[in-house]
Amino acid sequence: MDAQMQTPENGVKGRIHSFLSMGAVDGPGLRYVVFLQGCPLRCACCHNPDTWDAAGGTEYTVEDVLRRVRRCKPYIYESGGVTVTGGEPLAQPVFTAALLKALRAEGYHTALDTSGAGALAAAREVLAHTDLVLADLKFSSEEGYRAH
Ligand code: SF4
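Residues numbered from 1 in each chain as written. Predicted model: local features only at pLDDT ≥ 70, side-chain atom pairs only at ≥ 80, totals over all residues. Heavy atoms only, no water.

> Help me understand the pairing of strand S4 (residues 81-85), please; the structure alone is not making it clear to me.
The element S4 is largely enclosed, with a buried count of 5 among its 5 residues. Pairing of strand S2 (residues 31-36) with S4 involves 5 bridges; the strand directions are parallel. Within S4, the position partnered with Val34 by the bridge is Val84. Taken together, the 3 bridges between S4 and strand S5 (residues 110-114) define a ladder with parallel strand orientation. (Buried < 20%, exposed > 50% of the residue type's maximum accessible area, 1.4 Å probe, protein only. Helix = DSSP H or I, 4+ residues; strand = E, 2+ residues; numbered from the N terminus. Pairing = 2+ DSSP bridges.)

Below, the structure written as structure tokens:
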């Protein structure tokens, strides 16, 4: 199969805050990092409050993101990959699943950086296309979440 063949997933749209073309602390190796827009939590320690608004950011298709990632293929493909973070990627489960599926189809290692906030049923489809989960749990108790 042509690795860059168009599929229905490639037209799925999501809202993205920003991109980082060379991340060194977001999973194994050098990684392309996609910061999704929108987060249901409001952590007191948040470094990226500008990702909170689900209506913010800019809309991209999966194919738009793939085009950006392919430009970095020479240095992320062999020992790195692509990390999807946010915001909270599970707040856009359909887009996140489609993006990870498309990336995997082109041979990229996929990582999901998530706080775990999201619907379990929707997360299952995302996890089916995820090689590595970076579980960024913020607190160890419900009281901790409510307090902070
Ligand atoms: S989960 Fe992450 S993006 Fe969301 S509020 Fe907490 S630190 Fe910020």
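> Help me out: how do you make sense of the site of the ligand in this one?
Around the ligand, a shell composed of Cys39, Leu41, Arg42, Cys43, Cys46, Thr51, Trp52, Gly87, Ser115 and Lys138 is seen. Of the pockets mapped on this structure, the ligand occupies the largest pocket. Of the residues that constitute the shell around the ligand, the class distribution is 5 nonpolar, 3 polar and 2 charged. (Near = heavy atom within 4 Å. 1 Å grid on protein atoms, 1.4 Å probe; cavity = no way out; pocket = protein on both sides within 12 Å on 5 of 7 lines; lining within 4 Å. Sits in = over half its atoms within 2 Å of the grid points. Nonpolar A, V, L, I, M, F, W, Y, C, P; charged D, E, K, R; others polar.)

> Can you help me understand the nonpolar core in this one?
As a rule of thumb, nonpolar side chains are buried together in soluble globular proteins. Counting 26 residues, the largest nonpolar core has Ile16, Tyr32, Val34, Val65, Val69, Val82 and Leu103 as its most contacted members. For this core, the elements supplying multiple residues, two or more each, are strand S1 (13-23), S2, helix H1 (62-71), S4, helix H3 (93-105) and helix H4 (120-127). If you tally residues by element for this core, the top one is H3, at 7 residues. Not counting the four nearest positions on each side in its chain, Ile16 is found in contact with Val34, Phe35, Leu36, Gln37, Gly57, Thr58, Tyr60, Val65 and Phe95. (Core = buried A, V, L, I, M, F, W, Y, C linked by side-chain atoms within 4.5 Å. Contact = heavy atoms within 4.5 Å.)

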